[in-house]
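# Analysis of the macromolecular model
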Amino acid sequence: MSLNWRARLEQQPSLWQFDRWPVITADCVPTGRRKIFYRNQKIIAKVLSGSPLKAVAKEHQITQARITQLLDRCLGGEEDESPPLTYGLIPYAVVITKQRHAPLPSMRSSQGSACAFQGLLQSAPVLREKLDELILAKLKDAAYAQRLEPQWFHGEFKRLLGEIHWPADRYPYTSPSLAYESVRRYLHTRSSTLQATLRRPCVSSQASGTQSDHYRALNTIQIDEHVLDLHNRVHLQLNEELIPLRLARASVMVAIDVGTSCVLGYHMALTQHPNQQDMLTLFDNCLKPWQPLPLTTPGFSYAEGACFPSGSSEDFPLSFGNIQLDNALVHLSRSVIDLLCTQQGATVSFGFPGQPTTRHLVESVFDYICSHASHRFAATTGSHPNDPIKESRKNRKRIPTVSVRTLEEALSILLTEYNVTPRAHLGHATPLALFRHHCRHHFVRYTPMDQYSRWQPLIGEKVVPVHWRKDEHRAPYINFFYDRYQGEGLSEVAHRERNILLRFDRRDIRFVHAYSLRGDDLGPLRASRSWQRFPHGVSTRQLIHRLCREQKFQARDPLANYFRYLLEHKGQPKSALQLLRVYQEYTQGKEAALVLDPPAPFFGPILPPTEAPVLPWRPDLANHRE
């Protein structure tokens, strides 16, 4: 039974209170319709508060019939269905599904073709079932399925009409095109509907009424990286000289929780191809307590309460359940797999190649970054080479106005604000509030604090052999990332241990800590003097070793020579970006000038204690192989 607005109010008296109606924010209404939407809200609010229709119509300069139409649009409908309410106030919004009540057109009497195709499917339900079977066979990739192009699907439609002996004097035979356009639209709309049904997670009858575990906090996490569509600049202070540089596009790596849409952390890598060190840095940023950046850009400020889960006042340890990644090589590295699977007991799920929609949530975060940050500056590259918003040829010859520091602050503000912005699919709750609610009231992955404190993604371990040449009266050493490391502790175990365990910080490998396989502390080991000048990580040393092997520069002072090599190519944006990364690594993120001119002092290698006199080392005493 269909109800008008008066009957609906008699049936549900609570609808007289307009403040209890659902709230639709302005962002959900198209810009050109917001003015009429706000006017309709005022009209309905005044009518429900008791104002006469005549007075309200005169105030807003509309007819009383139009107000009655608005009321029926919001409150009318079938008795057993929910009324549209606030949604009916949006202009041109479809609130009632159109149906055909008149008989189908025939040769004898033409009733018009409005909703005739829907009437045909209602009159012949077998026709709808057969058409849906064709679509489902294609979506399920059945062996007997055929390609569903519109013209072929229309041919099957005509064949099915003949099988059910549809009268030849009724619709669609009264149409010159035999309902070709209606069949084409049905193919596309029904394919989308059935495909969404197939992707919907199945819930058993026993679990009906309860939320799936897939939508619990920390159960499923999506991680991906994205090259920012933006060039930026930096001024490096080197040897008391300020060098302006145009930088290439950096990358941002994001980890987001699927169940709550809460961003767990991010990392901006100063490269277009992040490596495993960047991946481990992302996990470290997610696990360690988050601290807001000191904002230096005018006009920048954090939203109230904006933070990541690790920066929340509630001390809840994070852990990872099912990690959804793509098939990039950085995700397949041994260090990443060992951290996730061995240490944290997580399950790594690599999606099928070429299907980024399986990680649609993290891709939507990248779209959020593009629309709110990288595409808003003049130095943007756009989404594709022919994008009209990309940087003009005139500005490409100049240094961009956006600095790296501004970009880092913008990313921090945007992603923390993303966590405190209400989302419609979360019931207008914020992702951070929902994440805290799940941690307090639901069964989620919990890790004891003593075990959580031992998770250090950037601290690596490796078992290496000990080398000791007794006949040459040299100190024992170990080989680690293309260099020899020595220390006093090696002299104590060299005669009884063949292998030792190293613990090292991937951000600075000038010193490593050694342990025997029995657990005895052997103290620190240090690299040779040529690698002691500046702090550097694993990836930097590997890159320097490769360039030295290609004879790009000499290996006598590799750290300084590598920096000079990058300075010679600073005109190239990619080299300038690498130069900034190495500069930050050498200075450990401190705002200090880098001095390359003074050479590092050289000392002889550490020798073991021995009773025989040992002469000081000279170049002619080197152990040359015959």
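Note that the structure is a prediction, hence the values are computed from the model and not measured.

## Some details on the overall build of the protein
From N to C terminus, the protein includes 19 helices and 15 strands. Compactness check: the protein gives a C-alpha radius of gyration of 34 Å against a globular reference of 25 Å for 626 residues, more than 25% above the reference. Overall, the protein is about 120 × 60 × 55 Å in size when its C-alpha atoms are taken along their principal axes. Within the protein, the proportion of its 626 residues that are buried is 44%. When the accessible area of the protein is evaluated, it comes to approximately 35700 Å², of which 51% is carbon and sulfur surface. Side chains of the protein carry 76 positive and 60 negative charges; the gap between the two charge centres is 6 Å.

## What to know about the sheet that holds strand β6 (residues 251–257)
In space, the five strands of this open sheet follow the order β7-β6-β3-β8-β9, with mixed pairing throughout. Two strands close off the open sheet at either side, each with one partner strand: β7 (262–269) and β9 (347–350). Going from strand to strand, the sheet's axes swing by 20° on average, the running direction of each strand aside. Across four bridges, the pairing between strand β8 (residues 322–325) and β9 is parallel. Counted as the bridge partner of I323 is V348 from β9.

## Some remarks on the sheet that holds strand β13 (residues 499–505)
Across the sheet, which stays open at both edges, the four strands sit in the order β10-β13-β14-β15 with antiparallel pairing between neighbours. Across the chains shown, the open sheet's two edge strands, defined by having one partner strand only, are β10 (459–465) and β15 (521–526). This sheet shows a mean twist of 30° between the axes of neighbouring strands, independent of strand direction. As paired strands, β10 and β13 are joined by seven bridges and run antiparallel to one another. Bridge pairing in β13 links I459 to D505.

## Some words on the environment of I36
Structurally, I36 can be placed in helix α2 (residues 34–48). Remark: the alpha-carbon pair of I36 and L89, spanning 53 residues in sequence, is separated by 8.5 Å.

## Section: the confidence of the model for the protein
With 90% of its residues at a pLDDT of 70 or more, the protein has an overall mean of 84. Confidence, expressed as mean pLDDT per element, reaches its minimum in the protein at strand β4 (residues 232–238) with 74 and its maximum at β6 with 95. Segment residues 200–213 is flagged for pLDDT under 50; beyond a separation of four residues in sequence, or across chains, it makes five contacts in the model. Segment residues 600–626 is flagged for pLDDT under 50; beyond a separation of four residues in sequence, or across chains, it makes 29 contacts in the model.

## Quick word on the environment of L53
Within the secondary structure, L53 is located in helix α3 (residues 53–60). Residue classification places L53 among the buried positions, given a relative accessible area of 18%. Note: C-alpha distance between L53 and R533 (480 residues apart in sequence) is 84 Å. Discounting chain neighbours no more than four positions away, the residues touching L53 are R6, V47, Q64, I67 and T68.

## Here we look at helix α13 (residues 404–419)
Its 16 residues place the ends of α13 23 Å apart at the C-alpha level, agreeing with the 22 Å of an ideal helix rising 1.5 Å per residue. Counting buried residues in α13 gives 13 out of 16 residues, a clear majority hidden from the surface.

## Digging into the packing of helix α6 (residues 125–139) against helix α7 (residues 150–163)
Two elements in contact, α6 and α7, have axes whose closest approach is 10 Å; the angle formed by their N-to-C orientations is 145°. Between α6 and α7 lies a crossing of right-handed hand. Where α6 approaches α7, its residues L127, K130, L131, L134 and I135 are matched on the opposing element by F153, E156, F157, L160 and L161. When grouped by side-chain class, the residues that make up the contact of α6 with α7 number eight nonpolar, no polar and two charged.

## What about a positive patch on the surface?
A cluster of basic residues, K390, R393, R396 and K397, forms a positive patch on the protein surface. Inspection of the secondary structure puts R393 in helix α12 (residues 393–396).

## Section: the packing of aromatic side chains
Using the criterion set out here, one finds 16 aromatic pairs in the structure. Pairing F37 with Y38 gives two aromatic rings, centres 5.9 Å apart and planes at 50°, and the pair type is tilted. The class for F37 is buried, based on a relative accessible area of 1%. Y38 sits in the partly exposed class, given a relative accessible area of 39%. Here a set of aromatic residues connected by ring pairs shows up, and it is made of Y266, W290, Y302 and F308. The ring of Y418 has R423 lying over it, and the distance from NZ or CZ to the ring centre is 4.1 Å.

## Details of the packing of α2 against α3
Remark: α2 packs on α3, axes separated minimally by 10 Å, with the N-to-C direction vectors making an angle of 155°. Of the possible angle classes, the one that applies to α2 and α3 is roughly antiparallel. As α2 runs across α3, the sense of the crossing is right-handed. Side by side, α2 and α3 meet where R39, K42, I43, K46 and V47 of the first sit next to L53, V56, E59 and H60 of the second. For the contact of α2 with α3, the per-class residue count stands at four nonpolar, one polar and four charged.

## Quick word on the state of the cysteines
Counted under the stated rule, the structure contains zero disulfides. With no disulfide partner, C28 has as its closest neighbouring cysteine sulfur the one in C74, 16 Å distant.

## Brief notes about a negative patch on the surface
A cluster of acidic residues, E78, E79, D80 and E81, forms a negative patch at the surface. Assignment of secondary structure puts E78 in strand β2 (residues 77–78). With relative accessibility at 33%, the residue E78 sits in the partly exposed group.

What counts as what
Within each chain, residue numbers correspond to sequence positions counted from 1 in written order. Where totals are concerned, whole chains, interfaces and linings use all residues; where local detail is concerned, this predicted model gives features only for residues with pLDDT of at least 70, and gives and counts side-chain atom pairs only at 80 or more. With hydrogens and water excluded, all non-hydrogen atoms of the structure serve as input to the side-chain values. Where helices and strands are cited, they refer to DSSP runs of H or I of at least four residues and of E of at least two residues respectively, numbered from the N terminus. To get the radius of gyration, use the C-alpha atoms; to get the globule rule, take the number of residues to the power 0.38 and multiply by 2.2 Å. Here's how the labels work: a residue is buried when its accessible area is under 20% of the maximum for its type, exposed when over 50%, partly exposed in between, all with a 1.4 Å probe on protein chains only. Computed with a 1.4 Å probe, the accessible areas rest on the Shrake-Rupley method; for each residue, only the protein chains presented here act as cover. Note on charges: Lys and Arg go in the positive column, Asp and Glu in the negative column, and His and the chain ends are not counted at all. Just so you know, the charge point we use is NZ for Lys, CZ for Arg, CG for Asp and CD for Glu. In short, DSSP must find at least two bridges between two strands for them to pair. In this analysis an axis means a line fitted to C-alpha atoms, helices contributing only their contacting stretch, and an angle means the value between N-to-C directions, from 0 to 180 degrees. pLDDT is defined as a per-residue confidence score from the predictor, taking values between 0 and 100. Residues count as neighbours in contact if any of their non-hydrogen atoms are within 4.5 Å of one another. Here, expected helix span is obtained from the residue count minus one, scaled by 1.5 Å. Handedness of a helix crossing follows the sense of rotation of the near helix relative to the far helix, less than a right angle counterclockwise being left-handed and clockwise being right-handed. Residue polarity is assigned by list, with Asp, Glu, Lys and Arg as charged and Ala, Val, Leu, Ile, Met, Phe, Trp, Tyr, Cys and Pro as nonpolar; anything else, Gly included, falls into the polar class. Only residues whose relative accessible area exceeds 30% and that form no salt bridge enter a patch; like-charged residues are grouped when within 9 Å of one another, and nonpolar side chains (Val, Leu, Ile, Met, Phe, Trp, Tyr) when within 5 Å. A pairing counts as a salt bridge when a side-chain nitrogen of Lys or Arg comes within 4 Å of a carboxyl oxygen of Asp or Glu. By convention, a stacked pair of Phe, Tyr or Trp rings (six-membered ring in the case of Trp) has centres within 6.5 Å and planes under 30 degrees apart, an edge-to-face pair has planes over 60 apart, and any other such pair is tilted. Ring-over charges, as used throughout, are those where CZ of Arg or NZ of Lys falls within 6 Å of the ring centre and within 35 degrees of the ring normal. By definition in this entry, angles of less than 35 degrees are roughly parallel, angles greater than 145 are roughly antiparallel, angles of 65 to 115 are roughly perpendicular, and the rest are oblique. Throughout, disulfides are identified as pairs of cysteine sulfur atoms within 2.5 Å of each other.

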